[in-house]
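# Residue-level structural notes
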Amino acid sequence: MSNTDFTLAVEDLSVSFDGFKAIDALNLYLDRDELRVIIGPNGAGKTTLLDLICGKTRATGGSIKFKNEELTGMAEYQRVRLGIGRKFQTPSIYENLSVFQNLEVSYPEGRSVFGALAFQCTSAVRERVQAVAADIGLADRLDTEAGLLSHGQKQWLEIGMLLMQEPELLMLDEPIAGMSARERELTAELLQRICKNRSVIVIEHDMEFVARIAHKVTVMHQGKILAEGPMDKVQADPKVIDVYLGH
Ligand code: ADP
Ligand code: MG
């Protein structure tokens with residue numbers, strides 16, 4: 001397989017903060033329809049890697065190709081337009097709007113203020129809201145004010161807001177933090193549904209959860225890739241046990 005066959009090809013990527021290499025000559029390749037989980041100790045550079053891919057942080061060197069387009073010189077909003085969606089750890093939903101409205105305003109055409117004024121809730125938008133609501137398990141909560149949702153439901157709504165833009169790469173940083181056991185189960189199911197027709201990167205610590213969702217696991221340590229492969233192989237790797245799983 002040549003590098004052009006991947007949705008995402010990260011090569012020799014580096015970023016330094018005051019001389020400290022938070023990401024150090026890292027390579028990462030992601031297929032379409034793949035759900036990749038990134039694990040590793042605190043400070044390994046996991047969040048920084050997502051920051052570099054979405055454009056929140058500028059790379060010091062190396063390349064990030066998404067569908068064969070070089071991202072490193074692009075602004076964050078251009079990467080969003082190309083199909084990159086990133087969920088941060090704290091949800092940014094509109095608490096006073098309903099679930100339906102939160103999804104509706106996330107529809108790409110409704111995004112600018114001007115667009116929002118002229119925006120009509122066409123049947124296409126309505127259909128998309130309903131499809132996304134089903135994917136995130138909130139189909140029977142469309143009229144609920146978002147502020148009244150549980151912590152887990154708010155997280156799902158935010159994922160839904162990203163899905164409204166039909167991202168081809170979706171990145172989630174510790175999506176189950178603070179969730180109940182039941183919400184974690186439902187999130188695992190949700191992730192299985194939404195990784196169809198796109199690539200998904202999830203950063204997660206909970207190994208039981210990782211085992212349930214991961215197609216492949218990438219282990220990061222000190223800004224580099226320490227190990228990569230199927231969960232059982234990675235879990236049995238002495239290097240991984242030494243720096244991460246053993247603690
Ligand atoms: P992880 O998500 O794996 O816990 P991070 O990516 O948050 O790790 O951090 C990796 C390292 O980079 C840490 O040592 C962190 O302090 C440092 N770091 C991250 N972002 C910045 C920044 N904007 N400025 C300076 N140092 C940073
Ligand atoms: Mg982090």
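Data block above holds the structure.
Report on the accompanying structure. (Residues numbered from 1 in each chain as written. Chains lettered and ligands numbered in written order. Predicted model: local features only at pLDDT ≥ 70, side-chain atom pairs only at ≥ 80, totals over all residues. Heavy atoms only, no water.)

### Quick look at the pairing of strand S9 (residues 216-221)
- In terms of strand pairing, strand S3 (residues 35-39) meets S9 through 4 bridges, oriented parallel. Bridging from a neighbouring strand, Ile-39 pairs with Val-219 of S9.
- Between S9 and strand S10 (residues 224-229), which follow one another and run antiparallel, lie 2 residues, and Gln-222 among them has a positive phi close to 50°. (Pairing = 2+ DSSP bridges. Helix = DSSP H or I, 4+ residues; strand = E, 2+ residues; numbered from the N terminus.)

### Here's the deal with the sheet that holds strand S1 (residues 8-17)
- Spatially, S2-S1-S4-S5 is the arrangement adopted by the 4 strands of the open sheet, whose pairing is antiparallel. Looking at the sheet topology across the chains shown, the edges are occupied by strand S2 (20-30) and strand S5 (69-70).
- In this sheet, S2 lies alongside S1 in antiparallel orientation, the contact comprising 7 bridges. Directly across from Leu-8, in S2, lies its bridge partner Leu-30.

### With respect to unusual backbone geometry
- For Asp-18, which is not glycine, the phi dihedral falls at a positive 50°.
- Relative to the helices and strands, Asp-18 is located in the loop between S1 and S2.
- On the basis of relative accessibility, which here comes to 85%, the residue Asp-18 falls in the exposed class. (Buried < 20%, exposed > 50% of the residue type's maximum accessible area, 1.4 Å probe, protein only.)

### Describing the site of ligand 1
- Every residue lining ligand 1 is accounted for by Phe-17, Phe-20, Ala-22, Pro-41, Asn-42, Gly-43, Ala-44, Gly-45, Lys-46, Thr-47 and Thr-48.
- Between ligand 1 and Gly-43, the relevant distance is 2.8 Å, taken from an oxygen atom to a main-chain nitrogen or oxygen of the residue.
- Backbone polar atom of Ala-44 to an oxygen atom of ligand 1: 3.2 Å apart, as the coordinates give it.
- Calculation on ligand 1 without its partners gives an accessible area of 560 Å², and the protein chains cover 58% of this total.
- Looking at the shell around ligand 1 residue by residue, the classes come out as 5 nonpolar, 5 polar and 1 charged. (Near = heavy atom within 4 Å. Polar contact = N/O pair within 3.5 Å; in protein donor to acceptor, adjacent residues only side chain to side chain. Areas by Shrake-Rupley, 256 points an atom, 1.4 Å probe, with all protein chains shown as cover. Nonpolar A, V, L, I, M, F, W, Y, C, P; charged D, E, K, R; others polar.)

### A short note on the side chain of Glu-204
- Among the structural elements, Glu-204 can be located in the loop between strand S8 (199-203) and helix H8 (207-213).
- Arg-184 provides the closest opposite charge to the buried, unpaired Glu-204, separated from it by 5.8 Å.
- Setting aside anything within four residues of it in sequence, one finds Glu-204 in contact with Val-37, Ile-38, Ile-39, Glu-174, Pro-175, Ile-176, Phe-209, Val-210 and Tyr-244. (Lys, Arg positive; Asp, Glu negative; His and termini not counted. Salt bridge = Lys/Arg side-chain N within 4 Å of Asp/Glu carboxyl O. Contact = heavy atoms within 4.5 Å.)

### Considering the sheet that holds S8
- Pairing is mixed in the open sheet, where 6 strands are placed in the order S6-S7-S8-S3-S9-S10. The open sheet has two edge strands with one neighbour each: strand S6 (84-87) and S10. Sheet twist, expressed as the mean angle between neighbouring strand axes with direction ignored, is 20°.
- Contacting S3, S6, strand S7 (169-173), S8 and S9, helix H1 (residues 46-54) crosses the sheet at an angle of about 150° to S7. (Axes fitted to C-alpha atoms, helices over the stretch in contact; angles between N-to-C directions.)

### A few points about the nonpolar core
- Counting 49 residues, the largest nonpolar core has Leu-103, Leu-157 and Leu-191 as its most contacted members.
- Broken down by element, this core gets its largest block of residues, 6 residues, from helix H6 (residues 151-163).
- In this structure, Leu-157 is in contact with Ile-93, Val-99, Asn-102, Leu-103, Ile-136, Leu-138, Ala-146 and Leu-149, ignoring residues within four places of it in sequence. (Core = buried A, V, L, I, M, F, W, Y, C linked by side-chain atoms within 4.5 Å.)

Purely geometric stuff here, so don't read any function into it on its own.
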